[in-house]
Amino acid sequence: MKKNMWMISILAFFIAGYSIIQYFLFDAQQAGFVQLKRMFNATLNSMWYIMLYIHILFSVFALVIGPFTLSSKIREKNVQRHRRWGTIYIVSILFGGVAGLYLAYYATGGWLAQLGFAILSISWLITVCLALTKIKQRNIQEHQKWMLRNYALTFAAVTLRIWLPLFTVVFGFDHFETSYAIIAWLCWVPNLVVMEWFIQRNRRCKALHNVY
């Protein structure tokens, strides 16, 4: 898992840096995502742009802070710092999730894409709330499991940007709306499935260790 976390962290930092440069250092209206929306005749009002900025900014925070909150080594070294980072992470999910839910309504790709991104945003909010509930109950193991599930959803920001160029190369730009509707699900469902497999495998390994 440690080797995988290094790769996950590198990809997370890369996408976070790319998003900051594209949307905050340069003109957001020139960003590829916005240009695509315009190509498909989307109406982008001022509220949409505000929600886009909120979603990107807080999603970047969550994407970057996530690996540090999941690290047992960092947590054991300084519990107070872990709590501070955890608080920032949770607040980032709350803002990013609500903004994401708004943006889902305007997703390119029709109702299938809208539904995919809406469920992603709702799941993002629910899992972080469950993680917060569990830590308040001092159920550390369940808290960690829900945080892992939540970060799997956070990582959709990365997997979306992996699938997007692959689908464009394989299926062409003419089928972009169909591809995007599929990616709206593909960017997060496999993440969650893999993370659940990891959690359950880890649980079984611990159970066997206790037996023997």
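What you see is a predicted model, and the numbers here were worked out from it, not measured in a lab. (Residues numbered from 1 in each chain as written. Predicted model: local features only at pLDDT ≥ 70, side-chain atom pairs only at ≥ 80, totals over all residues. Heavy atoms only, no water.)

Colleague: Would you mind going over the overall build of the protein in detail, with residue names and values included?
Modeller: For the protein, the count of helices and strands is 10 helices and 0 strands. Listing each helix as α and each strand as β along the protein from the N terminus yields α-α-α-α-α-α-α-α-α-α. Considering the protein as a whole, with its 212 residues, one finds that 42% of them fall into the buried category. Surface summary for the protein: the accessible area is close to 12500 Å², and the carbon and sulfur share equals 68%. (Helix = DSSP H or I, 4+ residues; strand = E, 2+ residues; numbered from the N terminus. Buried < 20%, exposed > 50% of the residue type's maximum accessible area, 1.4 Å probe, protein only. Areas by Shrake-Rupley, 256 points an atom, 1.4 Å probe, with all protein chains shown as cover.)

Colleague: Which residues make up a nonpolar patch on the surface, and what values go with them?
Modeller: A cluster of nonpolar side chains, namely Leu101, Ile122, Ile126 and Leu130, defines an oily patch on the protein surface of about 300 Å² accessible area. Locating leucine 101 in the fold gives a position in helix 5 (residues 79–104). (Patch = residues over 30% accessible without salt bridge, like charges linked within 9 Å, V, L, I, M, F, W, Y side chains within 5 Å. Salt bridge = Lys/Arg side-chain N within 4 Å of Asp/Glu carboxyl O.)

Colleague: Could you give me a rundown of the packing of aromatic side chains, with the residues and numbers involved?
Modeller: Scanning the entire structure with this criterion turns up 15 aromatic pairs. Their ring planes at 15° and their centres at 4.7 Å tell us that phenylalanine 58 and phenylalanine 95 sit as a pair that is stacked. With a gap of 37 residues between them, phenylalanine 58 in helix 3 (residues 46–70) and phenylalanine 95 in helix 5 connect regions that are remote in the sequence. Its relative accessible area of 44% is what places phenylalanine 95 among the partly exposed residues. Look at tyrosine 151 and phenylalanine 155: their rings are 6.3 Å apart centre to centre, the planes differ by 45°, and that puts the pair in the tilted class. A single burial state applies to tyrosine 151 and to phenylalanine 155, both of which are buried. (Phe/Tyr/Trp six-rings, centres within 6.5 Å; stacked < 30°, edge-to-face > 60°.)

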